[in-house]
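Architecture and fold: a report
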Amino acid sequence: MDAFEAHRPHLHAVATRILGSRAEADDALQEAWIRVHRADTGDVENMGAWLTTVVSRVCLSMLDARKRRREAALDAGRLPDPIVTRPDDAAPDPEDEALTADAVGAALLVVLETLQPAERLAFVLHDVFGVPFEDIALIVDRSPAAARQLASRARRRVQGADRGAATADREIVDAFVAAARDGDFERLLELLHPDVVVRGDDGSGALQIVRGARAVATRARLFSARTAHPAIVDGAPGFVATEAGAPVAVLAFTVVDGRITAIDGLEGAARLEALGLDAFLAE
């Protein structure tokens, strides 16, 4: 397994950019390591390319599973467990920077979350890591032409997105948090879309729905006693709320045209513990 360890930094960079989470990338590499350990590599000519294929297939399965979990959770009346990272975790560290000519940061991560799993994988592998479409085709079980089309569709989505949108959306979320802390009801109404909806999941088995800017603004002022730590939640701007040094909620925001249209809030000690929020408690 010396070859796997030699390529581990590159493989981790690939998994991180496909999945958008360092923690999930760790899981992907563990699963890939098991598959490689069981495989006969005697006929492998390009070990780096072969290992990238193995890791990418694991990541594709994880993306598909993530999508199915979200659909099943919403059908069951609950919010799915989100992927929560610190904003600076979405940017590559110096070691990862050396491995790729282009880095997937927080702004691009938001766009990637809107793509289908195969589109996301094809775009990241080809446009970020330069993997040939012939190799990508084997991973997604399609022809090279179809793999090229997947990446092309994803590229159009990325190029059509406002590259400053992620920063602007973060500013809206931060302004919301500040207004909630200050009890500024009028400012909250300015930031909220009139038809904004809040979906809350406290682990009781049924979503709590609040609709309308005035109702949501009134509810938002209840968060004034909490400390808000900026976070990226499933690729969108959000925050982890703590009280007395313990996490009490994770919130993700949907921002459209400069106003908040939806807020998803997850509470409940057991569910929050499973999200691995220790990094936020150390702030």
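To be clear, the structure that these remarks concern was listed above.
These remarks concern the structure in this document. Counting starts from 1 at the beginning of each chain's written sequence and moves along it residue by residue. For this predicted model, a pLDDT threshold of at least 70 governs which residues receive local features, and a threshold of 80 or more governs which side-chain atom pairs are given and counted, while totals over whole chains, interfaces and linings are taken from all residues. For the side-chain quantities, the full set of heavy atoms in the structure was used; hydrogens and water were omitted.

Focus on the nonpolar core
Definition of nonpolar core: a set of buried residues of the types Ala, Val, Leu, Ile, Met, Phe, Trp, Tyr and Cys, connected through side-chain atoms within 4.5 Å. Partly exposed describes any residue whose relative accessible area lies between the buried limit of under 20% and the exposed limit of over 50%, with all areas from a 1.4 Å probe on protein chains only and scaled to the type maximum. Grouped together as the largest cluster of nonpolar side chains are 41 residues, with contacts concentrated most on I18, L121, L125 and I136. Mapped by element, the contributors of at least two residues to this core are α1 (2–19), α2 (22–38), α3 (47–75), α6 (117–128), α7 (133–140) and α8 (144–160). Ranked by the residues each element gives to this core, the list is headed by α3, at eight residues. Throughout, a contact is declared for two residues whenever any of their heavy atoms are within 4.5 Å. If we ignore the near neighbours within four places in the chain, the residues touching I136 are L121, A122, L125, H126, V131 and A147. Counting 27 residues, the second-largest nonpolar core is a separate cluster that includes A179, A180, V210 and V255. Numbering of helices and strands starts at the N terminus; helices are DSSP runs of H or I of at least 4 residues and strands are runs of E of at least 2.

Overview of the pairing of strand β4 (residues 227–233)
Judged from the two bridges that link them, strand β1 (residues 84–85) and β4 form a sheet pairing that is antiparallel. Paired with T85 across the two strands is I232, which belongs to β4. Bridge count for β4 against strand β5 (residues 236–243) is seven bridges, and the pairing is antiparallel. Following the sheet pairing, V233 is matched in β5 by A236. The pairing criterion is simple: DSSP has to find at least two bridges between the two strands.

Concerning the packing of α1 against α6
In this analysis, axes come from line fits to C-alpha atoms, helices being fitted only over the stretch in contact, and the angle between any two N-to-C directions falls in the range 0 to 180 degrees. Their axes nearest at 9 Å, the elements α1 and α6 cross at an angle of 135°. Classed by the angle they form, the pair α1 and α6 counts as oblique. Here the hand of the crossing between α1 and α6 comes out right-handed. When α1 is examined against α6, the residues V14, R17, I18 and L19 are found in contact with a partner set consisting of R120, L121, V124, L125 and V128. Small angles under 35 degrees read as roughly parallel and large ones over 145 as roughly antiparallel, with 65 to 115 read as roughly perpendicular and the rest as oblique. Here is the rule for handedness: rotate from the far helix to the near one, and if that takes an anticlockwise turn smaller than a right angle the crossing is left-handed, while a clockwise turn gives right-handed.

Quick look at the packing of α1 against α2
Packed helix pairs are characterised by how far apart their axes lie and by the angle those axes make with each other. For the pair α1 and α2, interaxial distance at closest approach is 8 Å and the crossing angle is 135°. Judged on the interaxial angle alone, α2 and α1 are oblique. Helix-helix and strand crossings are classified by hand; for α1 and α2 the assignment is right-handed. Note on element contacts: α2 touches α1 through R22, E24, A25, D26, A28, L29, A32, W33 and V36, opposite F4, E5, R8, L11, H12, A15, T16 and L19. The residue makeup of the contact of α1 with α2, split by class, is ten nonpolar, two polar and five charged. Residues are sorted three ways: Asp, Glu, Lys and Arg are charged, Ala, Val, Leu, Ile, Met, Phe, Trp, Tyr, Cys and Pro are nonpolar, and all the rest, Gly among them, are polar.

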